[in-house]
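A closer look at the structure
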Amino acid sequence: MATSLQTRRRAIPLHESPLARPASVPAVFRAAARLLAANGLHKGDFVPDAMDREMDVPHHLRPMSIVAALKCATTGDPHRTSLLADEAIATLALRLEVDGEGPLFGGIFDLEAHVDSWGDAESRTTESAVAVLERAAETAVSA
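Now for a look at the structure at hand. (Residues numbered from 1 in each chain as written. Predicted model: local features only at pLDDT ≥ 70, side-chain atom pairs only at ≥ 80, totals over all residues. Heavy atoms only, no water.)

1. Points about the overall build of the chain
- Within the chain one finds six helices and zero strands.
- In sequence order, the secondary structure elements of the chain are arranged as α-α-α-α-α-α.
- Counting only residues that meet the buried cut, the chain has 39% of its 143 residues in that class.
- Here the chain displays about 8,300 Å² of accessible surface, and carbon together with sulfur accounts for 54% of that area. (Helix = DSSP H or I, 4+ residues; strand = E, 2+ residues; numbered from the N terminus. Buried < 20%, exposed > 50% of the residue type's maximum accessible area, 1.4 Å probe, protein only. Areas by Shrake-Rupley, 256 points an atom, 1.4 Å probe, with all protein chains shown as cover.)

Have a look at this one:
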């Protein structure tokens, strides 16, 4: 008896494979770092041209914000969330300071906004965002 994955006629893209999805917060940080390194950091909305008015590139292949990368790492879509993505966003938000302060409130949208504010800083680069995610993965493992 074959499984549904074995009987499909098309190959499953890696970002859609349930086996490729991270299962822990450190793994989410590492996967998001790889996404940002490959696609680039986007400042502003989750991805450029989110309404597809000018681009026809799939959203998971576009530059993305840190929050979008964390969501994409867990769901394959930078706009869909999961409990694991929310946990990673909360963990990261508590580690980051924006203008010398941590997040003001503890709701998930406030935590997302805090991470986005950090990523949207004028001097922020893809490399610095990747480094922060990699460092978060390392310290989350040892914690």
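That shown, we press on.
2. Brief notes about the side chain of threonine 74
- Considering the arrangement of structural elements, one finds threonine 74 in helix 3 (residues 66-75).
- Under the relative-accessibility criterion, threonine 74 is labelled buried at 10%.
- One polar contact links the side chain of threonine 74 to the main-chain carbonyl oxygen of lysine 71, over a distance of 3.0 Å.
- What threonine 74 contacts, discounting residues up to four positions off in sequence, is Arg21, Pro22, Val28, Ser82, Leu84 and Ala85. (Polar contact = N/O pair within 3.5 Å; in protein donor to acceptor, adjacent residues only side chain to side chain. Contact = heavy atoms within 4.5 Å.)

3. Digging into the environment of methionine 64
- Among the structural elements, methionine 64 can be located in the loop between helix 2 (25-39) and helix 3.
- In the structure, methionine 64 is positioned 25 residues away from asparagine 39 in sequence and 7.2 Å away in space, judged by C-alpha atoms.

4. Structural notes on unusual backbone geometry
- The phi dihedral of aspartate 49 falls on the positive side, at around 50°, and the residue is not glycine.
- Notably, aspartate 52 is not glycine yet its phi reads approximately 60°, a positive angle.
- Along the polypeptide, aspartate 52 turns up in the loop between helix 2 and helix 3.
- Judged by its relative accessible area of 41%, aspartate 52 falls in the partly exposed class.

5. Brief notes about helix 2
- Between the first and last C-alpha of helix 2 there are 21 Å, a value that for 15 residues agrees with the 21 Å anticipated at 1.5 Å per step.
- What helix 2 keeps buried is the set Val25, Pro26, Val28, Phe29, Ala31, Ala32, Ala33, Leu35, Leu36 and Asn39.
- Count one or two residues on from helix 2 and you reach glycine 40, which has phi positive near 100°. (Expected span 1.5 Å × (residues − 1).)

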